[in-house]
Amino acid sequence: MSSLVHLSDQQLTIASTSNLFLRHRLKVVEDLWESVLQQECGQELVDLLNQLRSMCSPEGQATESPELSVSRVIEKLDLNEAIRASRAFALYFQLINIVEQHYEQRDQQLSRRATYSYPPGEIAPAPRKTLSPQGDGDSAILSSAAMEKEAQNGGLGADMLEKNWFQEAEAKQSKGTFHWLFPHLRQLNMPPQQIQRLIDNLDIRLVFTAHPTEIVRHTIRGKQQRLAKILQQLDQAEEEFRALGLSSSWEAEACVEQLTEEIRLWWRTDELHQFKPTVLDEVDYTLHYFQEVLFDAIPQLYQRLKHALKDSFKGLTPPSNNFCKFGSWVGSDRDGNPSVTPLVTWQTACYQRDLVLEKYVQSLRQLTNLLSLSLHWSDVLPDLLDSLEQDRSQMPEVYEQLAVRYRQEPYRLKLAYIQRRLENTRDRNRQISDGSNLHGQVIGNQDPTMYRSGIEFLAELRLIERNLKETGLSCRDLENLICQVEIYGFKLAELDMRQESTRHSDAMNEIAEYLQILPKSYNQMTEAERSLWLATELQTRRPLIPAELPFSEKVCETIETFRMLRQLQQEFGPQICRTYIISMSREASDILEVLLLAKEAGLYDPATGTSSIMVVPLFETVEDLKRSPIVMRSLFELPLYRACLAGGYNGLENGMVTSLQEVMLGYSDSNKDSGFLSSNWEIHKAQKILQKISEEYGVALRIFHGRGGSVGRGGGPAYEAILAQPGHSINGRIKITEQGEVLASKYSLPELALYNLEAVTTAVIQASLLQTGFDDIQPWNEIMEELATRSRSHYRALIYEQPDLVDFFHQVTPIEEISQLQISSRPARRGGKKDLASLRAIPWVFSWTQSRFLLPSWYGVGTALQEFLNEEPEENLKLLRYFYFKWPFFKMVISKAEMTLSKVDLQIAHHYVRELSRPEDRDRFEALYEQIAQEFHLTCDLVLRITGHQKLLDGDPVLQRSVQLRNGTIVPLGFLQVSLLKRLRHHGKQAASGVVHSRYSKGELLRGALLTINGIAAGMRNTG
């Protein structure tokens, strides 16, 4: 073990950013992993794991004939041995994930140091001049007309582009940061006024969701964070003993001992969730990222932007502190989750407020220690003294307690009053958090010894800041606290409500039938009839819904949700929840129904046309995306709706308020419905036309991207994804969901969180100011339309027209077992049916990922590309290559497909097919597998031809390394999963027949299968 902490001279000279540093860290952790397993389980387990790994190549393939040997070895294992091996591999992947994440954070820190080593305004020199796929540089300002002419004349320049093929990865390294962006804008002579206008309106919103893709227990997340901190301490210890010319130190050895202890404790901890989490459990898990990382990270993000802007554009004013805000669906997304009740949403809001108030109290204690200024040595403005007099009259007990101690220290006395008000506010919040008075009238507090809102608290902090500035002082801790209050207020994150459209139409139908006010059933009315009746009702002042609710349970719950939302806004202010999202939006009436229900709850005033909520349609399927322009145009045609967007009829007439419409686009269901290529293209088109329609009506548009963690659900690198959006659709505004394992990968470590936030902000500014115009070239759009149509046709022929696909999916993937994971309060299916239509997109993608097909993320792409190439093989290949280098959208699509293809392993996928298919289904399933395999090989071949790479991911060596790091070890875990699934399903058949011949119970077998699901999810770094 001494080799782990005694480094050779060669290792001491390794640059920290090199791959050798990562390998060294991986070797340390892997040796500790083996050591712990040997201590806990004996050498036999270590030998078994090494034997299984040796049977697979480093690329992740089982060697030709020994593939049977891997299977044979695993089949001989008893259940306990198989479970121990599965747990060991799962632990291995979790450990290397921590190391890699730690390495990424360290790399970011060192990169920032290198960036700051250059004089202000200078860019770190790029290795070579490159032609960026984002269309940066001079090409960024070409007109779309010039580009279209170039494309039509065949002047594609593909030969010249090929010469710069492998320079692209080098150019990526410095992008995505403020210190790259602003010097770049200056070099392009971007008008400062244009930059200022954009920065003034910068609006970035990241929304955390509770979608069930987070497979890791909260307990295990805590252990991961402790290990990451120990790795940081080990780095510091090594740096110190190297600086002293030593080869080891007791501090480093102590760190290694701590790592060993943590891994042993982890090994004896259950990886599986012990119970189905409640919604409030999910709230707690999500708020953990705010508590541990984001609360303190946000002020640093603002400082980074401010300093980078000042270095390049001294005269420009930085954006407001709250240019980047957070939202949450956790506790408020009720679509398909009956556990999200009005009471749960109320408790969630109180929970969030309690957390943020407690954070503020902690900050005030630090400020009290810091601001020890005495009246003997520092002046104070009269307004601070006046406020102290007012505080004394309102809180005499604080004065009596502290006046003597702080009689010459006014700042400390003022902070004592502020802290007491905060604590009183927090205590009251805890008293009302049980929701006992929810059905009564909850009015925000009026007690002067408490704060009614974050605005009052902020005003007092600003008073202190103003006094300090007037006397020539500043305080960074106070500035950071002010920044945090401006962003988080007393709400922490804004809650977005979400519900499925038919819940509202069913409510309207039942209400109208009870009141007997319609000539026929509401659900039988045409869309025109519905919209007319809803618009008429929206303009009346009489109530439609009685105070007592004589309706069905579902309808009552829908109505109570709006009433609770009204009480939330009364207690917390409108900012706690201003967005109501309607999933499966298909018609204008879907939006008007929600507005009418809001009117009945007092959230919309028909007299003034004002609304305290924004109704947001979510267009999910391809058909809904195609209909979205018709829906939005019909809404914008209604004066009452446009008034609602403009803040009322007065705002509409006077143009005093910028009308803002938010529209959400769903990646998951459109992909499941239509395939990867078609989904991405339809979303791209929808953004363009929705932006155009909004401009026609003078409405600003904010697109809300419902991106999941996996590529099949819109996931992938955020920076490239934002740059690939139509430039006019951003205009400094974007809203994006963050969910599942993505939260842990992006926000569990401070530097990684900052890097992600900076990359998103940089991309929004870059995409808004450097609009390439490539999206507007009509011939290119026609080609993409053709490719998307062909891809959709081929995808749907397999998924929806192939009669064997549903059986294939249920037999050769662990979908049924995944449905039994206790990872979410929400069911895996809508309505409990076992057809593809009712299956949610997350378990759909999750299952294909486990069996290594990853089919939703690439199927249909190869056929579409091949059919296009068949028309003009040489010329069309040059054209596709040109698209890849010049058109951000096309580059993003191909890059995502390439990343997914690199994770596919058809050899192990075929093993799932052979071993898990019922004997009577094997022949037809083999035919299906061959169809999938042909498409896979075709897609790989064409992606490589378009990108010019010899191997997948050659253009992204960091990601390539990450995938290869896991491939050699994940294969035996797949064999283990198949073996355990076979045993579990065989047990189920025996149980159905009434005779069970098994040493193990169903629960034991299921536990083993679920452990392999955990392990493969960790190894793939992806679930759904």
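Residues numbered from 1 in each chain as written. Predicted model: local features only at pLDDT ≥ 70, side-chain atom pairs only at ≥ 80, totals over all residues. Heavy atoms only, no water.

Caption draft 1: Spatial organisation of the overall build of the chain. A count of helices and strands for the chain gives 42 helices and 10 strands. Across the 1024 residues that make up the chain, the buried fraction comes to 62%. Put simply, 83% of the contacts in the chain that link residues at least 6 apart link residues at least 24 apart. Of the accessible surface of the chain, which amounts to about 39,700 Å², a share of 50% is contributed by carbon and sulfur atoms. (Helix = DSSP H or I, 4+ residues; strand = E, 2+ residues; numbered from the N terminus. Buried < 20%, exposed > 50% of the residue type's maximum accessible area, 1.4 Å probe, protein only. Contact = heavy atoms within 4.5 Å. Areas by Shrake-Rupley, 256 points an atom, 1.4 Å probe, with all protein chains shown as cover.)

Caption draft 2: Spatial organisation of the confidence of the model for the chain. Predicted confidence across the chain gives a mean pLDDT of 86, with 86% of residues reaching 70 or more. Considering only residues more than four positions removed or in separate chains, one finds that residues 1-17, a stretch of pLDDT under 50, has 38 contacts. (pLDDT = per-residue confidence, 0-100.)

Caption draft 3: Summary view of unusual backbone geometry. In the Ramachandran plot, asparagine 731 falls in the positive-phi region, its phi being about 45 degrees despite a non-glycine side chain. Turning to its location among the elements, asparagine 731 is positioned in the loop between helix H29 (718-723) and strand S10 (733-739). In this structure asparagine 731 comes out as partly exposed when scored by relative accessible area, which is 29%. A positive phi angle, close to 70 degrees, is found at leucine 953, a residue other than glycine. Considering the arrangement of structural elements, one finds leucine 953 in the loop between helix H40 (922-947) and helix H41 (957-993). Taking relative accessible area as the criterion, leucine 953 reaches 4% and is therefore assigned buried.

Caption draft 4: Representation of the pattern of salt bridges in the model. What the rule picks out here adds up to 67 salt bridges. Note that glutamate 100 is salt-bridged to arginine 961, the shortest N-O span being 3.9 Å. Here the residue glutamate 100 occupies a position in helix H5 (residues 79-116), and arginine 961 occupies one in helix H41, the gap between them amounting to 861 residues. For the pair glutamate 100 and arginine 961, a shared accessibility class is recorded, and that class is buried. We note a salt bridge from aspartate 333 to arginine 498, for which the minimum N-O separation is 3.0 Å. With a gap of 165 residues between them, aspartate 333 in the loop between strand S2 (324-328) and helix H14 (342-370) and arginine 498 in strand S3 (residues 494-500) connect regions that are remote in the sequence. Exposure remark for aspartate 333: the relative accessible area of 9% places this residue in the buried category. Residue arginine 498 is classed as buried on the basis of its relative accessible area, which comes to 5%. (Salt bridge = Lys/Arg side-chain N within 4 Å of Asp/Glu carboxyl O.)

Caption draft 5: Quick peek at the packing of aromatic side chains. In this structure the tally under the stated criterion is 43 aromatic pairs. Considering the side-chain rings of phenylalanine 290 and tyrosine 488, the 6.3 Å spacing of their centres and the 90 degrees angle between planes classify their relative orientation as edge-to-face. With phenylalanine 290 in helix H13 (residues 279-312) and tyrosine 488 in helix H19 (residues 476-488), the pair connects residues that are 198 residues apart, well separated along the chain. Like phenylalanine 290, the residue tyrosine 488 is buried in the burial classification. With a centroid separation of 4.9 Å and an interplanar angle of 20 degrees, the aromatic rings of phenylalanine 562 and tyrosine 580 are classed as stacked. Highlighted residues: phenylalanine 562 in helix H22 (residues 553-572) and tyrosine 580 in strand S4 (residues 579-583), separated in sequence by 18 residues. The same class applies to phenylalanine 562 as to tyrosine 580, namely buried. Among the aromatic residues, ring-to-ring pairing joins Phe208, Phe290, Phe295, Phe326, Tyr360, Tyr451, Phe457, Tyr488, Phe490 and Tyr747 into one connected group. In this structure, arginine 392 is placed above the aromatic ring of tyrosine 399, and the distance from its NZ or CZ to the ring centre is 3.9 Å. (Phe/Tyr/Trp six-rings, centres within 6.5 Å; stacked < 30°, edge-to-face > 60°. Lys NZ or Arg CZ within 6 Å of the ring centre and 35° of its normal.)

Caption draft 6: Representation of helix H12 (residues 250-267) in the model. Counted at 1.5 Å a residue, the expected span for H12 with its 18 residues is 26 Å, and the 26 Å between its end C-alpha atoms agrees. Within the sequence span of H12, burial applies to Ala252, Cys255, Val256, Leu259, Thr260, Glu262, Ile263, Trp266 and Trp267. Seen end-on, H12 carries its buried residues on one side only, within an arc spanning 165 degrees. For H12, exposure combined with an orientation more than 90 degrees from the buried face picks out Trp250, Glu257 and Glu261. (Expected span 1.5 Å × (residues − 1). Arc of directions from axis to C-beta.)

Caption draft 7: Just the packing of H13 against H19, in detail. Orientation of H13 relative to H19, taken along the N-to-C sense of each, is 110 degrees, at an axis distance of 9 Å. With respect to H19, the axis of H13 lies roughly perpendicular. Contacts between H13 and H19 involve Phe290, Leu294, Phe295, Asp296, Ile298, Pro299, Tyr302 and Gln303 from the former and Arg476, Glu479, Asn480, Cys483, Gln484, Ile487 and Tyr488 from the latter. Its residues placed into classes, the contact of H13 with H19 shows nine nonpolar, three polar and three charged. (Axes fitted to C-alpha atoms, helices over the stretch in contact; angles between N-to-C directions. Parallel < 35°, antiparallel > 145°, perpendicular 65-115°, else oblique. Nonpolar A, V, L, I, M, F, W, Y, C, P; charged D, E, K, R; others polar.)

Caption draft 8: Expanded view of the sheet that holds strand S7 (residues 614-619). Within the closed barrel, the eight strands sit side by side as S1-S2-S3-S4-S7-S8-S9-S10. Their pairing is parallel. Shown here is a sheet whose adjacent strand axes are inclined to one another by a mean of 25 degrees, direction ignored. Both strand S8 (residues 660-666) and strand S9 (residues 700-706) contribute to a ladder of seven bridges, which runs parallel. Bridge pairing in S9 links glutamate 662 to arginine 702. Against the sheet, H14 contacts S2 and S3, and its axis sits at roughly 160 degrees relative to S3. (Pairing = 2+ DSSP bridges.)

Caption draft 9: Structural view of the environment of glutamate 696. Examined against the element boundaries, glutamate 696 turns out to sit in helix H28 (residues 676-696). Once the C-alpha coordinates of glutamate 696 and arginine 633 are considered, the two residues, 63 residues apart in sequence, prove to be 9.6 Å apart.

Caption draft 10: Main features of the nonpolar core. Core analysis: the largest hydrophobic core is formed by 142 residues, its most contacted members being Leu787, Phe808, Trp844, Phe853, Leu880, Trp887 and Phe890. Considering every element that reaches this core, the biggest residue donor is H5, with 14 residues. Dropping the residues within four chain positions of it, tryptophan 844 is found in contact with Lys672, Tyr795, Ile799, Leu805, Phe809, Leu836, Leu839 and Pro856. (Core = buried A, V, L, I, M, F, W, Y, C linked by side-chain atoms within 4.5 Å.)

Caption draft 11: Structural context of the side chain of aspartate 203. As for its placement among the helices and strands, aspartate 203 is situated in strand S1 (residues 203-209). With residues up to four places along the chain from it excluded, the contact list for aspartate 203 reads Phe323, Lys325, Arg702, Gly732, Arg733 and Ile734.

Caption draft 12: A look at a nonpolar patch on the surface. A cluster of nonpolar side chains, Tyr514, Leu515 and Ile517, forms an exposed patch at the surface whose accessible area comes to about 250 Å². For leucine 515, the location among the structural elements is in helix H20 (residues 501-515). Classification of leucine 515 as partly exposed rests on a relative accessible area of 30%. (Patch = residues over 30% accessible without salt bridge, like charges linked within 9 Å, V, L, I, M, F, W, Y side chains within 5 Å.)

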